[in-house]
Amino acid sequence: MKKPEKVMNCIVVFNREKDKVLFCKRKKEPFKGRLNFVGGKVEPGETSEAAAYRELQEETGISRQHICLYRLMDLTYYHQDFILEIYVGRLDEDVELREETNPLLWLPLSEDYTDRERFAGEQNIAHIINIAMMYPLPTRR
């Protein structure tokens, strides 16, 4: 089977206390109206890490000065012909968010992230958050 050429990313952003996760409410398909992590496409010639920081800055105003991102996992969707790279980070300080297109909101870890009516994906958000919670995320400050 041929490896997909299209590469996308999602970024799991925890607040400084690591008790909330940042979500956007999608304004377009796929998953229009549902909550998802921020992220986007890796452009040709762009490294995966550079794309993650670029997408995060564009969609939220959060920059490298505010957060250190770590590669958490990759999911390969052969039937949809793309790779989804998942990054995780914890804010070093409180940041005033700047919405690009999709409204942004912080949700507590107590949410039911398996709710298909509210969250994008096929219940993989809950799995991703569970794995992200195990990742040691020191703050730089």
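Refer to the structure printed above.
First, a word on scope: everything that follows refers to the structure included in this document.

So, how was this worked out
Residues numbered from 1 in each chain as written. Predicted model: local features only at pLDDT ≥ 70, side-chain atom pairs only at ≥ 80, totals over all residues. Heavy atoms only, no water. Helix = DSSP H or I, 4+ residues; strand = E, 2+ residues; numbered from the N terminus. Rg over C-alpha atoms; globule rule 2.2 N^0.38 Å. Buried < 20%, exposed > 50% of the residue type's maximum accessible area, 1.4 Å probe, protein only. Contact = heavy atoms within 4.5 Å. Areas by Shrake-Rupley, 256 points an atom, 1.4 Å probe, with all protein chains shown as cover. Lys, Arg positive; Asp, Glu negative; His and termini not counted. Charge placed at Lys NZ, Arg CZ, Asp CG, Glu CD. Core = buried A, V, L, I, M, F, W, Y, C linked by side-chain atoms within 4.5 Å. Polar contact = N/O pair within 3.5 Å; in protein donor to acceptor, adjacent residues only side chain to side chain. Pairing = 2+ DSSP bridges. Expected span 1.5 Å × (residues − 1).

In terms of regular secondary structure, the protein is built from 2 helices and 7 strands. For the protein, whose C-alpha radius of gyration is 14 Å, the value lies close to the compact-globule estimate of 14 Å for 141 residues. Scored against the burial criterion, the 141 residues of the protein give a buried share of 45%. Taking as baseline every contact in the protein between residues at least 6 positions apart, the subset at least 24 positions apart corresponds to 67%. Entry remark: accessible area of the protein is about 7900 Å², with carbon and sulfur atoms responsible for 48%. Within the protein, the 24 negative side-chain charges are centred at a point lying 1 Å from the centre of the 22 positive side-chain charges.

Before going further, it helps to spend a moment on the nonpolar core. Of all hydrophobic cores here, the largest spans 22 residues; its most connected members are Val 12, Val 21, Phe 23, Phe 37, Ile 86 and Tyr 113. Counting only elements with at least two residues in this core, the list comes to strand 1 (6-14), strand 2 (20-25), strand 5 (67-77), strand 6 (82-91) and helix 2 (124-134). Element by element, the count of residues in this core is highest for helix 2, at 5 residues. Here Val 12 is in contact with Val 21, Phe 37, Ile 86, Tyr 87, Val 88, Gly 89, Ile 128 and Ala 132, once residues within four sequence places are set aside. Among the nonpolar cores identified, the runner-up in size contains 15 residues, and Cys 24, Tyr 53, Leu 56 and Ile 62 belong to it.

Residue placement: Asn 15 occurs in the loop between strand 1 and strand 2. Within the structure, the side chain of Asn 15 is placed 3.2 Å from the side chain of Glu 17, a separation counted as a polar contact. In this structure the side chain of Asn 15 is engaged in a polar contact, spanning 3.0 Å, whose partner is the backbone nitrogen of Lys 18. Dropping the residues within four chain positions of it, Asn 15 is found in contact with Lys 20, Arg 90, Leu 91 and Trp 106.

Further remarks concern the pairing of strand 5. Looking at chain direction, strand 5 and strand 6 are connected through 10 bridges and run antiparallel. The residue of strand 6 that forms the bridge with Ile 67 is Leu 91. From the end of strand 5 to the start of strand 6, which pair antiparallel, there are 4 residues, and Asp 81 there has a positive phi angle of about 60°.

Another point: helix 1 (residues 48-60). Between the first and last C-alpha of helix 1 there are 18 Å, a value that for 13 residues agrees with the 18 Å anticipated at 1.5 Å per step. Taken residue by residue, helix 1 has Ser 48, Ala 51, Ala 52, Tyr 53, Glu 55, Leu 56, Glu 59 and Thr 60 as its buried positions. For helix 1, the secondary structure elements touched by its buried residues are strand 1, strand 2, strand 4 (38-41), strand 5, strand 6 and strand 7 (104-108). Two residues or fewer after helix 1 comes Gly 61, characterised by a positive phi angle close to 85°.

What follows concerns the side chain of Asn 36. By the secondary structure assignment, Asn 36 is in strand 3 (residues 35-36). By relative accessible area, Asn 36 is classed as buried at 13%.

Let's shift gears to the environment of Val 88. In this fold, Val 88 is placed in strand 6. For Val 88, a relative accessible area of 0% translates into the label buried. Taking the C-alpha atoms as reference, Val 88 lies 18 Å from Gln 123; in sequence the two are 35 residues apart. Contact partners of Val 88, with chain neighbours within four places excluded, come to Val 12, Phe 14, Cys 68, Leu 69, Tyr 70, Leu 72, Ala 132, Tyr 135 and Leu 137.

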